[in-house]
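Breakdown of the fold
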Amino acid sequence: MRPAKVPGEVVVRKVWASLGERMDPKTHLVRPAWLTMMREIHVCRQRIADAVNLLKAEGKIEIVDEKVRKRNRDWSVRYYRLLKP
């Protein structure tokens, strides 16, 4: 039997709480950790992406891309900055 669908507002609250728990208190930055949130909230990646986009539209988070050089290669690392923790 499939579990009941989690309402959208509940997903947004849980994504916000998950990001807040893992946030660096000094910089307010957090790595997305999609798999962790999928396991905690029990929803698919798309539902989490929708919640993140809603939080971004509400001005609660900002997406920060950082370039990192490892092994003679440039990598892009994405963080979320929580603006209203």
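The coordinates are above.
Below or above, wherever it landed, is the structure these notes cover.

Section: the side chain of S18
- When you line up the elements, S18 lands in helix α1 (residues 8-22).
- The buried category is assigned to S18, whose relative accessible area is 2%.
- When neighbours within four sequence positions are excluded, S18 is seen to be in contact with M37 and E40.

With respect to the nonpolar core
- Core analysis: the largest hydrophobic core is formed by 21 residues, its most contacted members being V15, L19, I48, V52, I61, Y80 and L82.
- Elements with a minimum of two residues in this core: α1, α2 (34-41), α3 (45-57) and β3 (73-82).
- Counting residues per element, this core draws most heavily on α1, at six residues.
- When neighbours within four sequence positions are excluded, V15 is seen to be in contact with M37, I41, I48, A51, V52 and L55.

Concerning α3
- Taking 1.5 Å per residue as the helical rise, α3 with its 13 residues ought to reach 18 Å, and the 18 Å between its terminal C-alpha atoms agrees with that figure.
- All of the buried residues along α3 are R47, I48, A49, A51, V52 and L55.
- On its buried face, α3 sits against α1, α2, β2 (61-70) and β3.
- A positive phi of about 80 degrees marks G59, the residue just after α3.

Observations regarding the sheet that holds strand β1 (residues 29-30)
- If you trace the three strands from one edge of the open sheet to the other, you get β1-β3-β2, paired in antiparallel fashion. Every interior strand has two partners, whereas the edge strands, β1 and β2, have only one.
- With two bridges connecting them, β1 and β3 associate as antiparallel partners. Paired with L29 across the strands is R81, a residue of β3.

Let's talk about the pattern of salt bridges
- By the definition in use, this model includes four salt bridges.
- We note a salt bridge from R81 to E62, for which the minimum N-O separation is 3.0 Å. With R81 in strand β3 and E62 in strand β2, the pair connects residues that are 19 residues apart, well separated along the chain.
- Its relative accessible area of 28% is what places R81 among the partly exposed residues.
- Given a relative accessible area of 33%, E62 falls into the partly exposed group.

Details of unusual backbone geometry
- Even without being a glycine, H28 presents a positive backbone phi close to 65 degrees.
- As for its position among the elements, H28 is in the loop between α1 and β1.
- Not every positive phi belongs to a glycine, and R71 is a case in point at roughly 50 degrees.

About the criteria used
Residues numbered from 1 in each chain as written. Predicted model: local features only at pLDDT ≥ 70, side-chain atom pairs only at ≥ 80, totals over all residues. Heavy atoms only, no water. Helix = DSSP H or I, 4+ residues; strand = E, 2+ residues; numbered from the N terminus. Buried < 20%, exposed > 50% of the residue type's maximum accessible area, 1.4 Å probe, protein only. Contact = heavy atoms within 4.5 Å. Core = buried A, V, L, I, M, F, W, Y, C linked by side-chain atoms within 4.5 Å. Expected span 1.5 Å × (residues − 1). Pairing = 2+ DSSP bridges. Salt bridge = Lys/Arg side-chain N within 4 Å of Asp/Glu carboxyl O.

In short, geometric facts, not functional conclusions.
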